[in-house]
Amino acid sequence: MKGSRKLYIKSFGCQMNVYDSQRMADTLAPEGYSETAAAADADLVILNTCHIREKAAEKVYSEIGRMRRLKEAAAAEGRRLLIAVAGCVAQAEGEEIVKRAPAVDLVVGSQNYHRLPELIARAGRDRKIVDTEFPPDDKFDRLAAPSAAATRARGVTAFVTVQEGCDKFCTFCVVPYTRGTESSRPVLKIRAEVERLVDAGVREITLIGQNVNAYHGEGPDGRPWPLARLLGLLAKLPGLERLRYTTSHPRDMHDELIAAHRDLPQLMPQLHLPVQSGSDRILAAMNRRHTRADYLDVVARLRNARPDLALTSDFIVGFPGETDADFAATLSLVDAIGYAGAFSFKYSPRPGTPGADMDDQVDETAKSARLHRLQAAIDRHQATFNRSCLGGKFPVLFERRGRYDGQLVGRSPYLQPVQVEAPVSLIGTIAAVTITEVSSNSLFGALVQEPALAGAGA
Ligand code: 5AD
Ligand code: SF4
């Protein structure tokens, strides 16, 4: 272990970035860096950025401004604070970042995190380092695994990246440009990572990827394995109680994966399956490669396999050319599916994507009005779904202490947070809970009292 230094990492955007941030911290731990929650105390700040919408990218620059002031304050005390920008803004803007924000010392793209120790050592006082190449080596082989202590501190649920990048090229999306083409990790490497997490106390794993159900990593037989087979293998690991995966594309929801929802008890009855729009015209303009009817058909087959499946989605309003009739089709799809929740966004033109150059961009006022109406519809369905859980009895995986003494927070199979009065010793275990109260997006419950065992034998 080298001299002790403090690291502050802030993640923006999706769960892939949360996972990457943890792996960066794991890679820097042997260099003597321990994480701090206070940026002002840090020797190294890493901003792990998101480029998906303009607002997300702008947030990064205002955060860099805040870090620059901390850097100046540290310098006044004779301390050096290094500022690194990682993630998708780093990948997309590279050199531009140090031009626009000279306080930044290091820009590192999402494929190069294993090189961080070397890059940090090179980042001299006046020297700016920009490393956004896509190297041919597999970064996952070189990123350090978390220690058992680090895993325990992160809790009983964990993300594991199984694929990165995307080949779909939806016309609004920067992912294929920032994260590159689709690539999947080999099955046995994923299993080894999951085993280590489970040994350290993790009970629920979410497999993540930008287009996770396009997974086709090399299997133990040397052939590409689909996600369904990977899930089947992981479900056999003793101690792993729950599996989820996200984010999926409707086109890659094949029969074997649908059947896994019926056959694997560890696979939770919850699925994030973004549709983006309910209008065929807009779906075509978005290059989504599926129609409204295709989506409804996939959902019907999923619900046939797992009738209680809770579905969530992402929506974009105000894509170029979207008319009132197109938007009405989106609202009617929301009603037809009955989502348990969803994210919705105003279309944000991203430079370099085909959508940004399309004619008939929708004006801001119409976008805002549509977003407002869509969010109200989604909230209504979410409330209906949550109300349908009232009085139900569900297994809850307890994750951490709640806000009040004596209270724990856990998750239902449908990913809803549930607050329950329960002893701390239940953290990391699954117990049956009756839902006693439902507020807008929280559930409250009570432990089901098991009847006392009467005598021996079953
Ligand atoms: N504008 C608005 N929303 C976008 N998303 C992706 N790109 C854009 C964009 N240019 C949304 C999609 C996607 C989610 C992660 O972000 O709904 O599913
Ligand atoms: Fe982006 Fe998802 Fe479309 Fe891929 S499938 S281009 S990640 S929105």
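Scroll up to find the structure this text is about.
Given the structure is predicted, the values throughout are model-derived calculations rather than measurements.

Caption draft 1: Local environment of the overall build of the chain. Scanning the chain from N- to C-terminus turns up 15 helices and 19 strands. Dimensions of the chain, computed from C-alpha atoms along their principal axes, come out at roughly 70 × 65 × 50 Å. A burial count over the chain gives 53% of its 458 residues as buried. A fraction of 71% describes how many contacts in the chain between residues 6 or more apart in sequence connect residues 24 or more apart.

Caption draft 2: Quick peek at the pattern of salt bridges. Taken as a whole and assessed by the stated rule, the structure comprises 29 salt bridges. Note that E204 is salt-bridged to R242, the shortest N-O span being 3.6 Å. With E204 in strand β10 (residues 204-208) and R242 in strand β11 (residues 242-246), this residue pair connects regions lying 38 residues apart in the sequence. For the pair formed by E204 and R242, the shared burial category is buried. A salt bridge links R229 to E256, with the shortest nitrogen-to-oxygen separation between them at 3.5 Å.

Caption draft 3: Expanded view of the packing of helix α14 (residues 324-337) against helix α15 (residues 364-387). The contact between α14 and α15 brings their axes to 10 Å, and the two run at 10°. Relative to α15, the element α14 is oriented roughly parallel. Only R370, R373, L374, A377, R380 and H381 of α15 make contact with α14, whose side of the interface consists of D324, F327, T330, L331, V334 and D335. Partitioning the contact of α14 with α15 into residue classes produces 5 nonpolar, 2 polar and 5 charged.

Caption draft 4: Quick peek at the site of ligand 1. Around ligand 1 sit I52, R53, F172, Q276, D314, I316, F345, K346, Y347, S348 and R350, and that is every residue in its neighbourhood. Measuring from an oxygen atom of ligand 1, one finds a side-chain N or O atom of D314 at 2.6 Å. Where the shell around ligand 1 is concerned, the elements lending two or more residues are β13 (310-317) and β14 (341-346). Grouping the amino acids of the shell around ligand 1 by side-chain chemistry returns 5 nonpolar, 2 polar and 4 charged.

Caption draft 5: Highlighting the pairing of β10. Within β10, 5 of the 5 residues are buried, which leaves the element mostly enclosed by the surrounding structure. Note that the unit made of β10, helix α10 (residues 227-235) and β11 has a crossover that is right-handed.

Caption draft 6: The arrangement of the site of ligand 2 in detail. Inspection of the region around ligand 2 gives C166, K168, F169, C170, F172, C173, V175, P176, H249 and R288 as its neighbouring residues. Counted by class, the shell around ligand 2 contains 7 nonpolar, 1 polar and 2 charged residues.

Caption draft 7: Region of interest: the packing of aromatic side chains. Overall, the coordinates contain 6 aromatic pairs when judged by the stated rule. Where F172 meets F319, the ring centres are 6.4 Å apart and the plane angle is 80°; that geometry is what we call edge-to-face. Taken together, the residues F172 in the loop between β8 (163-164) and α8 (175-178) and F319 in the loop between β13 and α14 connect sequence positions 147 residues apart. Here the two residues F172 and F319 agree in accessibility, since each one is buried. Ring geometry for F315 versus Y339: centroids 5.6 Å apart, planes at 85°, classification edge-to-face. With a gap of 24 residues between them, F315 in strand β13 and Y339 in the loop between α14 and β14 connect regions that are remote in the sequence. The class of Y339 is buried, set by a relative accessible area of 1%. Through a chain of ring-to-ring contacts, three or more aromatic side chains come together here, namely F172, F319 and Y347. Seen from the ring of Y61, R100 lies directly overhead, with NZ or CZ sitting 3.5 Å from the centre.

Caption draft 8: Layout of the environment of G209. Secondary-structure assignment places G209 in the loop between β10 and α10. With relative accessibility at 4%, the residue G209 sits in the buried group. On a C-alpha basis, the gap between G209 and D308 in space is 24 Å, while along the polypeptide they are 99 residues apart. Apart from residues lying up to four places away in sequence, G209 is in contact with M16, Q163, T246 and T247.

Caption draft 9: Expanded view of the sheet that holds strand β16 (residues 407-411). A barrel is described by the order of its strands in space; here 5 strands give the closed sequence β15-β16-β17-β19-β18, paired in mixed fashion. Between one strand axis and the next, the sheet turns through 55° on average, direction left out of account. In this sheet, strand β18 (residues 430-438) lies alongside strand β15 (residues 393-401) in antiparallel orientation, the contact comprising 5 bridges. When the sheet's bridge partners are listed, F394 is paired in β18 with V433.

Caption draft 10: How the structure looks around the side chain of Q416. Locating Q416 in the fold gives a position in the loop between β16 and β17 (417-421). Look at Q416 and you get buried, because its relative accessible area is 8%. Within the structure, the side chain of Q416 is placed 2.8 Å from the side chain of N386, a separation counted as a polar contact. Once residues within four sequence positions are removed from consideration, Q416 is found in contact with F385, N386, C389, G410, R411 and L443.

Criteria and cut-off values
- Residues numbered from 1 in each chain as written.
- Chains lettered and ligands numbered in written order.
- Predicted model: local features only at pLDDT ≥ 70, side-chain atom pairs only at ≥ 80, totals over all residues.
- Heavy atoms only, no water.
- Helix = DSSP H or I, 4+ residues; strand = E, 2+ residues; numbered from the N terminus.
- Buried < 20%, exposed > 50% of the residue type's maximum accessible area, 1.4 Å probe, protein only.
- Contact = heavy atoms within 4.5 Å.
- Salt bridge = Lys/Arg side-chain N within 4 Å of Asp/Glu carboxyl O.
- Axes fitted to C-alpha atoms, helices over the stretch in contact; angles between N-to-C directions.
- Parallel < 35°, antiparallel > 145°, perpendicular 65-115°, else oblique.
- Nonpolar A, V, L, I, M, F, W, Y, C, P; charged D, E, K, R; others polar.
- Near = heavy atom within 4 Å.
- Polar contact = N/O pair within 3.5 Å; in protein donor to acceptor, adjacent residues only side chain to side chain.
- Right-handed = clockwise from strand over helix to strand, strands pointing away.
- Phe/Tyr/Trp six-rings, centres within 6.5 Å; stacked < 30°, edge-to-face > 60°.
- Lys NZ or Arg CZ within 6 Å of the ring centre and 35° of its normal.
- Pairing = 2+ DSSP bridges.

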